Each structure stands twice: as structure tokens, then as C-alpha cells.
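Each chain is listed here by its residues.
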Amino acid sequence: MVRTYKPKNTSRQAVDEKSMQSAIQDVMHGVLSYRKAADKYNLKLSTLESRVQKYKNINDAKGSSKRTFDSKYTSFQVFSMEEEKLLNDYIIKCCKMHYGLTTIQTRKLAYEYAKSLCLKYPAKWEENKMAGKEWLYGFRRRNPELSLRKPENTSAARSFAFNKISVTEFYTNLKTVFERHPLTADRIFNFDESGVSTVLATPKVLASRYQKQVGQIVSAERGELVTFGGIISASGNTIPPLFVFPRVHYKDNFLEGAPEGSLGAANKSGWINSDIFVCVLKHIQKHTLCTRDNPILLLCDNHESHVSLEAINYAKVNGIIYLSFPPHTSQRLQPLDVGVFGPFKSKLKIAFNNWHMMNPGKALTIYNIPKLVKIAFFESFTLKNIISGFNSPGIWPLNELAFSDEDFAPTEVYRSGNVEYVPSTQNVVEDLSAPNPEPSVSDICQPSTSGTQVFLEIPRESKDQSINSPLITYDNELQLQRFNLDACEPDALNNSPIHQIVAPLKTVNLTPEANRPYPTVVRSNKTNKGRRSGKSRIYTDTPEKKLIEEKHNVKQLKKLEQERRARARQLKRSLDDFNLKVKNKKAKNTRSDGSDISFQESLTSITDENETDHENFEMNRSHVTVDVIPENIKDGSFILVRFPKKKSIVYYVGKVVSHYSQSEFKVSYLRKKPGFARTFVFPNVKDIHTVYVTDVEMILPEPKPPTVCTSRTSKLFTFSVNFSNLTVH
């Protein structure tokens, strides 16, 4: 079938529908004759006579039928211009809500919409329950604003997070910063990270039209990630970027070929963390020379690594005003994401592909990335891209009207007041109690014999039903829009076996939403685990800083508690193993000596011996130690910590590092030096845990200074306490 028909006779022209309507009105009211009306409106006389005759046949002298079409070659066109406009607007709105329709869904919607309007359509539509491909091609040609696009994956969190409330709150914080500090474009910066893998998507290449699969060489199936951090200013300048390599230890040769002055770091995962972000802040301060008297504004997302207490303290001391974007809105608000990272990744793909072309058979590694990033960096981090990235979201210059209502269309899905679905069987016109004896619109369902296509007769629904759907629009001036009157046979108006429906005082225009309502979601405002809802914050402000400090302290206490419990579990397992060995040894000795002493009696004797040792220790401690009073335990004091077992007690010597409270403090444990009874040394790996005052057996005196002070003896601690009666480890 020919999709684009080009008439051979060029003398034929499309009819101007507006002029035709005016000419028909003048002829029907006797203002002008046929010939004069045709000359006045530049119409063919025969065409005008044919239209007027159709008007007379349908008894519609008032010209209430407004179903107009875009072309005169519309014998089989299903929808009018107005109906296609509604369908086109519905498709575009669904796309803006991130619920775009595929070609199959659009064809099914067209079939359901035509059926609800009781229009005539090809029999193939009814068979397939969808419109045909040819209709879709013609519909897209008549609506050139539609295009078949490949959408980007957008999570539900990003779709909902970009709303008016969050964006307005960000602009309010930004305006507050500008009011407090007279910042210029060169003092406004944006920092963000992006992953650069050793395997990137390849660019498009030329290939044979008939080749099914086209391949392009890459380094591996899955690549190794290097984090790239860009820093730009609103004036169009840049600061040397950041590279985070997936290594435990950083070496200077990692940055070979990178942009001059780049910052390098290493992390086992290749991602940025709070310690690396502090280095980024120092890197920014070094290049901007910011102080409290001459501050800068730093725009970042609220990733966990960006909001550590150490980073906030450093930013506040060095004049860095830290403003965060709302969560999941960086794709629309962050300048790097808006105007720079897109061209950067495109140029990087080309650079990677060129490297493979110049180095056949070799695999690209993370050490080649800085050199290739440098090529894409200078081509994409340009003045035009950077200024556009700040201008588009309205950051600089400040523009709170940068986003229109259409940009917030995805949030309409989450409105609880959306229109509910109304079945199409209810979309019929109410029969008036006193109907007009002259119907304004009739059903035209007779099959057409002028073409090759077969059209169905669609029976009318019961006329006793009424319309109460909010998905119907009303118009006082127009009558019911139902059928293409221009394409009907004259005899079909009076001889149609289908029921006629009287139009009410108002016109009802069914919209596609009646057949396929817009998607709706009931979203809960509750957050998981009691976390605060994310929003834009000025983290260097005192209230926000205090909240971060409180959160940091709670986190540290939880961590210490977990360490204490882990140590207790480990100690319990060790004691269980030790008791089991003692039990087996006593049982073995009993069997070898032939003694009849029971195992319970042996355990009782061991317990008595431990109690005697403990009594002797109590007598010894009263002479050489200080009473265990919480006020006497200072930072740097040496204490003896008690660890009770089931049948005995073991002791450890520790040094108080710091206090959490008056009854809880951090202790670094020492180990007894082999061959010495009262000499202890710190282990190579520090053993630091939390100790409560109830577990302190006594406060030890200050250790004796060594007789000969060397680097080895300075690490030994000797106490003037007799530990011979105690089990000290």
C-alpha cells in the first residue's frame, strides 16, 4: 500500500474547510448563490454544490457537524482533526510522565478510542483488537511532533523526587546563600563523580546493511572501575579533576598522562569515601584560596561520603559553604550532569575506540585511563558546556522559573486525587425527557462501496444510559462530535437500522483518558528505618552541623558496642575451649593415676585454689594500688581489667586512651612479655576496646622507668606489683 500518495493531476487542490463552512452558511441562509459563494471563497462550484447537498440530506442546516479533516483524501480516515489532537496530546503527556506508549500500545489505544466514539474503522482492527500499521504511519505523518525515541531508564525515586517542593526548597537555600554572601560566578563551584570503566559502550561504525551482528573489540567482558571527579565553576573554569583507583595503596605513577595538577587517591572498591572527600576539599581550597572572609559556594549531592563530620568541620573552618541538591535530582539540577558529563562520556567512548584501533590485541587497563580521560576532558569541559550547565537549571544566574509545570509532569502519577477509571460502556449520551424532533447528528454506519476496505457497523449503546464521567469535556456551542459526515452516503442517514441518539444541550468530547486512564500511584510518606527525609541542606550552617555531630556520636557508640559484643563472644569461645581442654586433661590424669576421685570433686578443688589465689591477690593489692573510684581513672592511667570465666578469673593490663563517660572509657590492652612476671608491652596490632568501671579490678601505679633507656626498653612497662598469684595475660 502506498503510504504517501502523490496525485498525478496537479490541478486538484485541498479544500479549505473554514472557507467551505462559510460558503455553506451563506448558501443555506440565502445570502449568496452557489456561483457567487464559490467565487468569493475561491472554491470549485461542483465541490460546493456537493457539500451543500450533503448538508441538506442530513438536515443539519445550522452546520453543527465540526468533524473536520486535514485533507480532502479522507474517505477512510477514522479520526477527525480534533480527535487526533486529543490522542496526540494524551501520548505526549504520558511520555512526559515517564509512562510513554509503545507503537503496539498506541495502536490498541486508537482501536479502543475509535470503538468508544462509535466510529467506523476497518474490520481488521476488530480482528486484531488494535489499529493497523498503516494508520500509525499516517498518524505520525499528520502529527510531526511525535517521534519514536529510545527512553532512558529512570527509577521511580528519581521520577518522584524531582517535584516543586524539593526544587523550591533548593532555590530558597541558594537564595539565602546569595543574600548572606555577595558571591560572583568565579566563587561558585560544583563537584560530582562519575565512573569510568575500562570497558565502555562503543561508538557507531559503518557496516554492511545485510550483516545481522556487528562487533567491535573491547578489553574484557566486564571492566574495572575508576572514579572520575570533576570540579567546575560558574565562570566556565575548571579545577584539575580527581581519580580514585581500585587499589589499596596509591602510587604516583597512577596519574601518568592525567591533566596537570590532578588529584589521585586509592580505595579498594574504586569508589570515593569520606576520607578522600576531605582530600578533595583541601584540593579545592588550595586552588581557590578560600577563607572565611572570602568564601566559596560548593554544590554537591548528599552522598554519605560528602556529609561526614570531618568534611563539614573542614569546610566550615576554611570558608567553604556546602549546599547539597535534593536527593535523586542531580540529573536535572547538577551542572556537571546537565551540561558536561554527557559530552564527556561521548568523547571518552571515541578515545577508547581509537586506542583499541592503535593498539590491536592489547587490553586497556586502569593505568591507561588518565591519559585517555585527558583527551575527553579538554574537549568536553569547555566554557560553553560549563556555563550552559549552570544556566539551564537556573543556578547562575539565579532563575527560580527555570522549570515549567511540564517538567514536573512525572509527579502527577503520585497524586491521590487523580481521576479514576470509568468503563467506556458508560460513555453514552443521556436521552432527554423532551427530545428535539429533528436530530442534529445521525449514525452513519453503512458500508462504503467506493473503496476496497470493509468497514464494520458499530451498534449504539443503550440510549437510556447517561454520562457522568469526569473524562468528558463539554462545549456549549458544538453539538455531539461523532462521525465523518463528508464520507457518508446520503441514503445512509434515513435508512440506517442503527438507533439514533439525540444530542443534549451541551457537546461531550470523549478523551483517550476515558479508555486508558493516566497511571496513578498511592505513595506513602513513611521512610524506612526512621531516617530523615532527604532534602536540600546547607550543611555548614550550625543547626545542620549539630545534627551531623549527634548522628556521628550515635554511630560511634553503636560501633563501640558492636566491638564490645564481638570481643565478648570471642572471649567466651576462647574460655569454652580452654575449659574443655582443662576438663579433658583432668579426666586423662584421673584415668592414668587410677584414682577414684570424681570429676566434680576435681573441679571443686580447682575452684577452691582459684578462690585462695583471689584472696591472696586482695591482700597484696591493698598495699600497692589505688582504690577503684571513677574519678581516679584518668586518661593515660594503667588499669587491671577483670574477665571472669566459669571457674576462674583472668586479668589484662590496659592503658586508658579516652573517656566516653564517667563509667565508660576506651582502653588499649598490653601483653605480658614472655619470661617476665611484671613487664608488659603493646602488641604490634593495637587491641582497643570499651571497658566499664565495674570491670576494673584496680588502678595500677605508674610503671618504673627503665634503667637503660633505648628504643627497645622504652617500649617496656614494668609495674611494682606482684602478679604471681594472678592469671595475667
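In this text the structure is predicted, and so the values were computed from the model without any measurement.

(A) Looking closely at the UniProt feature "coiled-coil region" (unreviewed entry) in the protein chain. With numbering aligned to this structure, UniProt lists the feature "coiled-coil region" (unreviewed entry) at residues 557-588. End C-alpha to end C-alpha, residues 557-588 measures 46 Å, and it is 100% helix and 0% strand.

(B) Representation of the sheet that holds strand 5 (residues 296-300) within the structure. Spatially, six strands are ordered 4-3-2-1-5-6 in an open sheet, and the strand pairing comes out mixed. Edge positions in the sheet fall to strand 4 (263-266) and strand 6 (320-324), since each of these pairs with one other strand and no more. Ignoring which end each strand starts from, the neighbouring axes of this sheet average 25° apart. Taken together, the nine bridges between strand 1 (residues 188-197) and strand 2 (residues 225-233) define a ladder with antiparallel strand orientation. Of the residues in strand 2, the one forming a bridge with aspartate 192 is glycine 230.

(C) Geometry of the layout of surface pockets. Here the second largest pocket defines a volume of roughly 1600 Å³. In this structure, the second largest pocket is lined by 38 residues; those nearest its centre are Cys95, His98, Lys150, Pro151 and Glu152. Broken down by secondary-structure element, the contributors of at least two residues to the lining of the second largest pocket are helix 4 (81-96), helix 5 (103-116), helix 7 (133-142), helix 8 (156-161) and helix 12 (330-333). Here the element with the most residues in the lining of the second largest pocket is helix 4; it accounts for four residues.

(D) Here's a closer look at helix 10 (residues 274-288). Over its 15 residues, helix 10 runs 21 Å from end to end, which matches the ideal 21 Å to within 8%, given 1.5 Å per residue. Among the residues making up helix 10, those that are buried are Ile276, Phe277, Val278, Val280, Leu281, His283, Ile284, Gln285 and Thr288. Looking at where helix 10 begins, the residue whose side-chain oxygen comes 3.3 Å from the main-chain nitrogen of aspartate 275 is asparagine 273. A positive phi of about 55° marks leucine 289, the residue just after helix 10.

(E) Fine view of the sheet that holds strand 14 (residues 688-692). Pairing in this open sheet of five strands is antiparallel, and the strands run 14-11-10-9-15 from one edge to the other. A single partner strand is all that each edge strand has here, and the edge strands are strand 14 and strand 15 (696-699). If you compare each strand with its neighbour and ignore which way they point, the axes differ by 45° on average. Sheet topology note: the strand 9 (residues 638-644)/strand 10 (residues 649-659) ladder contains seven bridges and is antiparallel. Note that in strand 10 the partner of phenylalanine 643 across the bridge is valine 650.

(F) Inspection of helix 11 (residues 309-317) at higher detail. Regarding helix 11, the residues found buried are Leu309, Ala311, Ile312, Tyr314 and Ala315. Directly beyond the C-terminal end of helix 11, a positive phi value near 75° is found at glycine 319.

(G) Geometry of the side chain of asparagine 190. Relative to the assigned elements, asparagine 190 resides in strand 1. A polar atom in the side chain of asparagine 190 sits 3.2 Å from the side chain of glutamine 334. Among the polar contacts listed, one links the side chain of asparagine 190 to the backbone nitrogen of leucine 336, at a separation of 3.2 Å. Not counting the four nearest positions on each side in its chain, asparagine 190 is found in contact with Gly230, Ile231, Ile232, Leu299, Phe325, Gln334, Pro335, Leu336 and Phe390.

(H) Main features of the environment of threonine 238. Structurally, the position occupied by threonine 238 is in strand 3 (residues 238-245). Accessibility expressed as a relative area gives 34% for threonine 238, which makes it partly exposed. Excluding anything up to four places from it in sequence, threonine 238 contacts Ile231, Ile232, Phe377, Phe381 and Ile386.

(I) Representation of the pattern of salt bridges within the structure. All told, the structure shown has 23 salt bridges when counted by the stated rule. One salt bridge in this structure joins aspartate 687 and arginine 671, with 2.7 Å as the shortest N-O distance. Here arginine 671 lies in strand 12 (residues 671-672) and aspartate 687 lies in the loop between strand 13 (679-681) and strand 14, a separation of 16 residues in the sequence. In this structure, a network of salt bridges that share partners links the residues Lys115, Glu126 and Lys129.

(J) Examining the UniProt feature "domain: HTH psq-type" (unreviewed entry) in the protein chain more closely. As recorded in UniProt, the feature "domain: HTH psq-type" (unreviewed entry) lies at residues 17-53. Helix makes up 76% of residues 17-53 and strand 0%. Its end C-alpha atoms lie 16 Å apart.

(K) Region of interest: the pairing of strand 9. Among the seven residues that make up strand 9, five are buried, leaving the element largely enclosed by the rest of the structure. Linkage of strand 9 to strand 10, two consecutive antiparallel strands, is achieved through a turn of four residues. As judged from the three bridges shared by strand 9 and strand 15, these two strands associate in the antiparallel manner. The partner of leucine 640 across the bridge, within strand 15, is methionine 698.

(L) Region of interest: unusual backbone geometry. Of the consecutive residues tryptophan 396 and proline 397, the connecting peptide bond is found in the cis state with omega at -5°. Summarising the element assignment, proline 397 is placed in the loop between helix 15 (383-391) and strand 7 (472-475). With a phi angle near 60°, cysteine 118 is a residue other than glycine that sits in the positive phi range. Residue position: cysteine 118 is located in the loop between helix 5 and helix 6 (123-128). Residue classification places cysteine 118 among the buried residues on the basis of a relative accessible area of 8%. Located in the positive-phi region is histidine 328, a residue other than glycine, with phi close to 60°.

(M) Highlighting the side chain of asparagine 267. With respect to the secondary-structure elements, asparagine 267 resides in the loop between strand 4 and helix 10. Taking relative accessible area as the criterion, asparagine 267 reaches 18% and is therefore assigned buried. From its side chain, asparagine 267 meets the backbone oxygen of tryptophan 271 in a polar contact 2.8 Å long. Excluding residues within four positions of it along the chain, asparagine 267 makes contact with Val244, Phe245, Pro246, Arg247, Asn273 and Ile276.

(N) Local environment of the pairing of strand 3. In terms of residue burial, strand 3 counts as a mostly covered element, since seven of its eight residues are buried. Sheet topology places strand 2 next to strand 3; five bridges connect them, and they run antiparallel. In the strand pairing of strand 3, threonine 227 is matched with valine 244. Between the antiparallel neighbours strand 2 and strand 3 lie four residues, among them glycine 236 with a positive phi of about 100°.

(O) Quick peek at the packing of helix 10 against helix 11. Two numbers describe how helix 10 lies on helix 11: the axes approach to 9 Å, and their chain directions differ by 15°. With respect to their mutual orientation, helix 10 and helix 11 come out roughly parallel. Helix 10 and helix 11 meet at a crossing whose hand is right-handed. In this structure, helix 10 contributes Asp275, Phe277, Val278, Leu281, Lys282 and Gln285 to the contact, and helix 11 contributes Glu310, Ala311, Tyr314 and Ala315.

(P) Region of the structure containing the environment of glutamate 84. Topologically, glutamate 84 is positioned in helix 4. With 26 residues separating them along the chain, glutamate 84 and alanine 110 place their C-alpha atoms 9.4 Å apart.

The rules we used
- One numbering rule holds for all chains: residues counted from 1, following each sequence as written.
- Per-residue local features of the predicted model are confined to residues with pLDDT of at least 70, and side-chain atom pairs are confined, for both listing and counting, to 80 or more; whole-chain, interface and lining totals are unaffected and use all residues.
- Hydrogens are left out, water is left out, and the side-chain values use all remaining heavy atoms of the structure.
- UniProt positions are given in the numbering used here, feature names are shortened, and annotations may be inferred rather than shown by experiment.
- Starting at the N terminus, helices and strands are each numbered in turn, a helix being any DSSP run of H or I of at least four residues and a strand any DSSP run of E of at least two.
- At least two DSSP bridges between two strands are required for those strands to pair.
- To obtain each axis, a line is fitted to C-alpha atoms, and for helices this fit is confined to the stretch in contact; angles are then taken between N-to-C directions over 0 to 180 degrees.
- Each cavity reported here is a set of points on a 1 Å grid over the protein atoms alone in which a 1.4 Å probe fits but cannot get out, each pocket an open set with protein on both sides within 12 Å along at least five of seven lines, and each lining residue one with an atom within 4 Å of a point.
- Grid points are joined across faces, edges and corners, and a volume is the space filled by probe spheres set on the points.
- A helix is expected to span 1.5 Å for every residue after the first.
- In this scheme, a residue with accessible area under 20% of its type's maximum is buried, one over 50% is exposed, and one in between is partly exposed, where area comes from a 1.4 Å probe on protein chains only.
- Polar contacts, as counted here, are pairs of nitrogen or oxygen atoms within 3.5 Å of one another; within protein the pair requires one atom able to donate a hydrogen and one able to accept it, and residues that are adjacent in sequence qualify only if both atoms are side-chain atoms.
- Here, two residues are considered to be in contact whenever any of their heavy atoms come within 4.5 Å of each other.
- Criterion for a salt bridge: a side-chain nitrogen of Lys or Arg within 4 Å of a carboxyl oxygen of Asp or Glu.
- Reported orientations rely on four angle classes, namely roughly parallel under 35 degrees, roughly antiparallel over 145, roughly perpendicular from 65 to 115, and oblique for the rest.
- Helix crossings are classified by the rotation of the near helix relative to the far one: an anticlockwise turn of less than a right angle makes the crossing left-handed, while a clockwise turn makes it right-handed.

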